[in-house]
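# Observations on the model geometry
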Amino acid sequence: MQTLDEMLAKHLLTPEQHHDISAWTRWAKTPEGILNMPPPLARAGAGQRAGGL
């Protein structure tokens, strides 16, 4: 979660994206489950800038 918090602090994620990705990783629990993250969340986590840029 530290990486997600850092991305939020650097404005690379919106608060909503941070919440959604955090919730997914808590739900998935395993690396395999996290890799099955829905594409919109995965794109956000891959560095899509907050604000849709």
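Right above here is the structure, for reference.
Anyway, here's the lowdown on the structure attached to this text. (Residues numbered from 1 in each chain as written. Predicted model: local features only at pLDDT ≥ 70, side-chain atom pairs only at ≥ 80, totals over all residues. Heavy atoms only, no water.)

### Regarding the overall build of the protein chain
Counting its secondary structure elements, the protein chain contains four helices and zero strands. The N-to-C order of helical and strand elements in the protein chain reads α-α-α-α. Taken across its 53 residues, the protein chain has 26% of its residues classed as buried. Accessible surface, the protein chain as shown: approximately 3800 Å² in total, 61% of it carbon and sulfur. (Helix = DSSP H or I, 4+ residues; strand = E, 2+ residues; numbered from the N terminus. Buried < 20%, exposed > 50% of the residue type's maximum accessible area, 1.4 Å probe, protein only. Areas by Shrake-Rupley, 256 points an atom, 1.4 Å probe, with all protein chains shown as cover.)

### Considering the environment of Asp-20
If you trace the backbone, Asp-20 turns up in helix 2 (residues 15-28). Judged by relative accessible area, which is 30%, Asp-20 ranks as partly exposed.

### With respect to the side chain of Gln-17
With respect to the helices and strands, Gln-17 occurs in helix 2. Overall, Gln-17 belongs to the buried group, its relative accessible area being 17%.

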